[in-house]
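# Analysis of the macromolecular model
So you can see what is in the structure, the chains are spelled out below.
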Amino acid sequence: MASLPGYRRPYPGTQPNHLHPLYRSSLKRAPAQPLIYLPHTLSEVTGPLFGAESVDVKACDLTKQGHGDPLGQRIIVSGRVLDENSRPLSRTLVEIWQANSAGRYLHRNDQHHATLDPNFTGCGHALTDDEGRYRFVTIRPGEYPWGNHYNAWRPAHIHFSIFGPAFATRLVTQMYFPGDPLIPFDPIFNCTADEKARNRLISLFDWETTIPVHALGYRFDIVLAGRDATPMEF
Amino acid sequence: MSLQATTSHTVGPFFSIGLTRLSHSDLAGLGVAGERIAIEGRVLDGDGNPVPDALIELWQANSHGKYAHPEDKQEKSVETGFKGYGRQPTDDAGKFRFTTIKPGPVPGPDGKPQAPHIAVSVFARGLQRRLVTRIYFPDEAANAADFALNRVDPARRGTLIAKKVAGQAGVLEWNVILQGAGETVFFDIGL
């Protein structure tokens, strides 16, 4: 096991820190002590795997969960899950959740005065295919206010949760929409120092996946940590 | 071509609508061998207040020290239906509870066994990246030689070791203190 290759560590600046004073919820939740560096062992290079038995194939269409069409603009969100070595990650679970078109989550703690939509739960999941592709049909989420600072509004976003092949590749993130004027003012978006890394969270408008007379397409590729070429040094 | 891993973001306060489906607190169904245990605790913030919107994920080997994963090439068996994965959101009091079996020792660096442990991810509003930690077990002689525990200041190691709950056989208490006095040790494993 001494020669077990680990997963690559993030490039400097491409991942947020835990403490970001402008993101107020981090102030009392970010650890004050430095993290302890841990080389990867069998515990980190393995992780939960989910197969077809874990998935409802209909859960990739968030517009078909009620008795009628949800309100809002229908969109297609698709992309690939790759690792840092550009290898597609097939059969990995992608979970998403989001606000409805009015900017309201179907959650008891969401007190935003906006309407709930009986035909929209805002959650979905899918397994990637052999080429690492996923595809969701959903509704463009609305922007919504939050209490972080005066007149704070979150840009429209969709939450993503991805497992990948190992405990070390687990990722939760958020996808944004191109041209959203709120993005430059969002402390959550701005937590990442590296501008290019930050901007990769903004999906691309995609003619190829746009369905004529039906739905606009947005492309969002996700990259998980890649395997080190050489074994870890202990 | 070399890519860079996508930037992590917080799960936010409303993750339960998307992540509840896979939630389950029992990691070891009938037919899974091993010592039955329950692990319960709370997630607390830097003011000692409960964190009611955290998500805990566990990853562990079975009682033989074998992971249900193809990278684990040890010639040991995994019970049908054993996944070793658990997920629970905290409740309004910041509490969580899992039932499972105590994992066996798994190989570590240089082929030396690691002390039995469970790998843990903590997600929450306010945490732009998950926090990674481990649960170790009380009265476990192997803890003394464990390579991960030995990377930790002895004064802080106790935060990684679950405690027996008096009068409740098999019940262990293990808390996540995000910040401040008694802060849990968190590991840097990359993302």
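Anything mentioned here points back to the structure above.
The rules behind these values
- Residues numbered from 1 in each chain as written.
- Chains lettered and ligands numbered in written order.
- Predicted model: local features only at pLDDT ≥ 70, side-chain atom pairs only at ≥ 80, totals over all residues.
- Helix = DSSP H or I, 4+ residues; strand = E, 2+ residues; numbered from the N terminus.
- Rg over C-alpha atoms; globule rule 2.2 N^0.38 Å.
- Buried ≥ 20, exposed ≤ 12 C-beta atoms within 10 Å, placed from the backbone.
- Contact = placed C-beta atoms within 7 Å.
- Pairing = 2+ DSSP bridges.
- Axes fitted to C-alpha atoms, helices over the stretch in contact; angles between N-to-C directions.
- Nonpolar A, V, L, I, M, F, W, Y, C, P; charged D, E, K, R; others polar.
- Core = buried A, V, L, I, M, F, W, Y, C linked by C-beta atoms within 7 Å.

## So, the overall build of chain A
Across its full length, chain A holds two helices and twelve strands. Mapped from its N terminus to its C terminus, chain A presents α and β elements in the order β-α-β-β-β-β-β-β-β-β-α-β-β-β. Relative to the compact-globule value of 17 Å for 234 residues, chain A shows a C-alpha radius of gyration of 19 Å, a close match. With respect to the principal axes defined by its C-alpha atoms, chain A has extents near 55 × 45 × 30 Å. The buried share of chain A, taken over its 234 residues, is 44%. For chain A, long-range pairs separated by at least 24 residues make up 73% of all intrachain contacts whose partners lie at least 6 apart in sequence.

## Here's the deal with the sheet that holds strand S3 (residues 93-98) of chain A
Residue and element names in this part refer to chain A. Strand order across the open sheet formed by four strands is S4-S3-S8-S9, with antiparallel pairing between neighbours. Only two strands of the sheet have a single partner each, and these edge strands are strand S4 (123-127) and strand S9 (171-176). Across the sheet, the mean angle separating the axes of adjacent strands is 20 degrees when strand polarity is ignored. Sheet topology places strand S8 (residues 157-162) next to S9; six bridges connect them, and they run antiparallel. Its bridge partner being in S9, Ser-161 is matched across the sheet by Val-172.

## Some details on the interface of chain B and chain A
Contact residues are listed per partner, giving 62 residues for chain B and 71 residues for chain A. If you list the elements that add at least two residues to the side of chain B that touches chain A, you get helix H1 (16-19), strand S5 (117-124) and strand S10 (187-188) of chain B. For the side of chain B that touches chain A, a count of residues per class yields 29 nonpolar, 21 polar and twelve charged. Relative to S10(B), strand S1 (residues 36-37) of chain A runs parallel, the two sharing two bridges. Pairing of Ile36(A) across the sheet is with Phe187(B), part of S10(B).

## Observations concerning the nonpolar core
In terms of nonpolar packing, the biggest core is built from 101 residues, with Leu224(A) and Val122(B) touching the most fellow members. Ranked by residues supplied to this core, first place goes to S5(B) with six residues.

## Side note on the environment of Gly226(A)
Residue and element names in this part refer to chain A. Tracing the chain through its elements places Gly-226 in the segment after strand S12 (222-224). Assessed through the 21 C-beta atoms surrounding it within 10 Å, Gly-226 is described here as buried. Sequence separation between Gly-226 and Glu-84 is 142 residues, and the spatial gap between their C-alpha atoms is 4.4 Å. Sequence-distant contacts of Gly-226, defined by excluding residues within four places in its chain, comprise Tyr-7, Arg-8, Asp-83, Glu-84 and Asn-85.

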